[in-house]
Amino acid sequence: MTGPAVGPLDRVAPRYGGGSLADVLPSALALLGVPGAADLLGLAPRLAGVRRVAVLLVDGLGWYQIPTAAPYAPTLAGLAATVGVPLTSGFPSTTPTSLVSLGTGTPSGPHGVLGFTVRVPGTDRVLSHIEWAGDPEPLRWQPVATWYERARAAGVAVTVVSRPEYGGSGLTLAANRGGDYRGATGVDAVAERMLAALAAGPGPALVSGYHPDLDQHGHLSGVDSAPWRLAAAEVDRLLARLVDGLPPGAALLVTADHGQLNVPDGHRIDLDTDPRLRAGIRVVAGEPRVRYLHVEPGATADVVAAWSAVLDGAARVLTREEAVATGWFGPVPEEHLGRIGDVVVVCRDTYAVVATRSEKPMVSRLVAYHGADTAAEMTIPLLVVRG
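Computed from a prediction, not measured in an experiment: that's the story for all the values here. (Residues numbered from 1 in each chain as written. Predicted model: local features only at pLDDT ≥ 70, side-chain atom pairs only at ≥ 80, totals over all residues. Heavy atoms only, no water.)

Re the overall build of the protein
Part 1 of the argument: Broken down by element type, the protein carries 18 helices and 17 strands.
Part 2 of the argument: Taking 2.2 N^0.38 as the reference for a compact globule, 387 residues should give roughly 21 Å; the C-alpha atoms of the protein span a radius of gyration of 20 Å, in line with that estimate.
Part 3 of the argument: Across its three principal axes, the protein shows a C-alpha extent of roughly 60 × 45 × 35 Å.
Part 4 of the argument: Burial analysis of the protein (387 residues in total) assigns 58% to the buried set. (Helix = DSSP H or I, 4+ residues; strand = E, 2+ residues; numbered from the N terminus. Rg over C-alpha atoms; globule rule 2.2 N^0.38 Å. Buried < 20%, exposed > 50% of the residue type's maximum accessible area, 1.4 Å probe, protein only.)

Below, the structure is given as structure tokens:
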């Protein structure tokens, strides 16, 4: 298994346009002749003649977590060593942002799902994208057409396989609209429904699958905990079933939305118990590894100074303008700028900024986090298997 020559805590920039999660569907659909789709990842030499493509996203399966999973996931380890290459997620490296970048083929700036939670501009409301029902209206909040819609319009049969409870949610509509949604719980049901959709009908097909359990056990118990190891073994079983069941003329692409980092108790900074971190703040959004601070009028410079002093190297503290200028988000249209904080705090090393009083208590008690731009969070696999 080869990978980038950087350590897990080194900073990594998104490789939009030729090495990121956003490039997966355009590359896959270029194989199927969908107009406007470009093979940005160079899949054609390996997959010439393929007319059916399955894309499986394993939540939390970062490139840097694969060696840790290898003793419990031999199929995964073998694929990574022989047919795997590293990609980057977008920024922030968090599930809602990544799922919509996969579906739309764009960085977070254009599609506007700019974090796990964001402030709704013009209000003090914080929207959680994983609890999003219908307000704001999904097609207005996320205006970019998905590749599922574009593929269907080009005559490709499009199926999305994910948990039944996610069907019809705001995030599903933002990320997956255009696909025929089929609910599946557990690895056997996911494999069965993905393979059935891949084999159905005579024409070109795209099947997208999602499996969340590895991420959930990482958050709750930590990377390399006993529950995480069991979840890694289940991921392996899912991969083995899909690889064994691939029909001729089909391909399987396996990727992820982000990796994870265990955060020790001593690296958790509580913004709710330090008055210096609350001064001048109106709304806090984002997540523990990337905070969006919306400030009172005229308070930006004071907030940057106070947070820089208190965090003392544990994070980079930038204005919104500075953060956008890094290119993390890609181009950000004017209507989406207000979803990013006036001040953006991006944690370094294994630090996190929790909010024990103003967020759900469980958030500050999680063991592993993601969202920032370290290699362990940003670097994800692309495994390419031909049937």
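Following the structure, the description resumes.
Re the nonpolar core
Part 1 of the argument: If you look at the biggest cluster of nonpolar residues, it comprises 101 residues, and the most contacted ones within it are V53, L56, L206, L253, Y292 and F329.
Part 2 of the argument: Among the elements that make up this core, the one with the highest residue count is helix 10 (residues 187-199) (eight residues).
Part 3 of the argument: Leave out the neighbours within four places in its chain, and L206 touches L25, L29, V53, V55, Y148, V156, A157, V158 and T159.
Part 4 of the argument: Counting residues in each nonpolar core, the second largest holds 20 residues, with I269, I281, A299 and A314 among its members. (Core = buried A, V, L, I, M, F, W, Y, C linked by side-chain atoms within 4.5 Å. Contact = heavy atoms within 4.5 Å.)

A closer look at the packing of helix 4 (residues 74-83) against helix 12 (residues 226-245)
Part 1 of the argument: Following both chains from N to C, one finds helix 4 and helix 12 inclined at 65°, their axes separated by 7 Å at the closest point. Contacts between helix 4 and helix 12 pair P74, T75, L76 and L79 from the former with D236, L239, A240 and V243 from the latter. (Axes fitted to C-alpha atoms, helices over the stretch in contact; angles between N-to-C directions.)

Some points on unusual backbone geometry
Part 1 of the argument: For the bond running from F91 to P92, omega is -10°, close enough to zero to count as cis.
Part 2 of the argument: Mapped onto the elements, P92 comes out in the loop between strand 2 (84-88) and helix 5 (95-104).
Part 3 of the argument: Looking along the chain, the bond that leaves D135 and enters P136 is cis, with omega of 0°.
Part 4 of the argument: Following the sequence through the fold, P136 ends up in the loop between strand 4 (126-128) and helix 7 (138-141).

A few points about the sheet that holds strand 14 (residues 343-347)
Part 1 of the argument: One open sheet holds the four strands; their spatial order is 11-12-14-13, and the pairing between them is antiparallel. Of all strands in the sheet, those bounded by a partner on one side alone are strand 11 (281-287) and strand 13 (315-319). For this sheet, the mean angle separating the axes of adjacent strands, direction not counted, is 20°.
Part 2 of the argument: When strand 13 meets strand 14, the two strands line up antiparallel, connected through five bridges. Bridging across to strand 14, L318 finds its partner in V344.
Part 3 of the argument: Packing of helix 14 (residues 300-311) onto the sheet brings it into contact with strand 11, strand 12 (290-295), strand 13 and strand 14, and relative to strand 13 it is tilted by some 175°. (Pairing = 2+ DSSP bridges.)

A few points about the side chain of H111
Part 1 of the argument: Locating H111 in the fold gives a position in helix 6 (residues 108-111).
Part 2 of the argument: Taking the relative accessible area as the measure of exposure, H111 reaches 0% and is therefore buried.
Part 3 of the argument: Those residues in contact with H111 that lie beyond four places of it in its chain are T97, V100, S101, T104, T106, W141, Q142, P143, V144, H336 and R339.

Some thoughts on the packing of aromatic side chains
Part 1 of the argument: For the coordinates displayed, the defined rule picks out four aromatic pairs.
Part 2 of the argument: Ring geometry for F91 and W328: centres 4.5 Å apart, planes at 25°, overall stacked. Residue F91 is found in the loop between strand 2 and helix 5, and its partner W328 is found in the loop between helix 15 (320-325) and helix 16 (334-337); the two are separated by 237 residues along the sequence. Residue F91 shares its accessibility class with W328, and that shared class is buried.
Part 3 of the argument: Between F91 and F329 the ring centres are 5.5 Å apart and the planes differ by 70°, which places this aromatic pair in the edge-to-face class. Of this pair, F91 sits in the loop between strand 2 and helix 5 while F329 sits in the loop between helix 15 and helix 16; the two residues are 238 residues apart in sequence, bridging distant segments of the chain.
Part 4 of the argument: The exposure class assigned to F329 is buried, which follows from its relative accessible area of 0%.
Part 5 of the argument: Taken together, F91, W328 and F329 form an aromatic cluster joined through their ring pairs.
Part 6 of the argument: For R339, the ring lying beneath its charged end belongs to W141, and the centroid distance is 3.5 Å. (Phe/Tyr/Trp six-rings, centres within 6.5 Å; stacked < 30°, edge-to-face > 60°. Lys NZ or Arg CZ within 6 Å of the ring centre and 35° of its normal.)

Some points on the pattern of salt bridges
Part 1 of the argument: One pass over the full model with this rule turns up 20 salt bridges.
Part 2 of the argument: In this structure, R177 and E149 form a salt bridge, with 3.5 Å as the shortest nitrogen-oxygen distance. One end of the pair, R177, is in the loop between helix 9 (170-176) and strand 6 (180-183); the other, E149, is in helix 8 (residues 147-153), and 28 residues separate them in sequence.
Part 3 of the argument: By relative accessible area, which is 10% here, R177 ends up buried.
Part 4 of the argument: Across the pair R278 and D272 runs a salt bridge, and its minimum N-O distance is 2.9 Å.
Part 5 of the argument: If you follow the salt bridges from partner to partner, you end up with R119, D124, R282 and E296 in one network. (Salt bridge = Lys/Arg side-chain N within 4 Å of Asp/Glu carboxyl O.)

Considerations on the sheet that holds strand 6
Part 1 of the argument: In space, the seven strands of this open sheet follow the order 2-17-8-1-7-5-6, with mixed pairing throughout. Single-partner strands in this sheet number two, and they are strand 2 and strand 6. Between one strand and the next, the sheet's axes are offset by a mean angle of 20°, whatever the strand orientation.
Part 2 of the argument: Lying over the sheet, helix 10 contacts strand 1 (52-58), strand 5 (157-162), strand 6, strand 7 (205-211) and strand 8 (250-255), oriented at roughly 160° with respect to strand 1.
Part 3 of the argument: Packing against the sheet, helix 12 makes contact with strand 1, strand 7, strand 8 and strand 17 (379-386), and its axis sits at approximately 175° to strand 1.

Notes on helix 12
Part 1 of the argument: Its 20 residues place the ends of helix 12 29 Å apart at the C-alpha level, agreeing with the 28 Å of an ideal helix rising 1.5 Å per residue.
Part 2 of the argument: Three or more residues of helix 12 are buried, namely W228, A231, A232, V235, D236, L238, L239 and L242. Projected down its long axis, helix 12 carries its buried residues within an arc of 165°, all on one side. In helix 12, the exposed residues that point more than 90 degrees away from the buried face are A226, L230 and D244. (Expected span 1.5 Å × (residues − 1). Arc of directions from axis to C-beta.)

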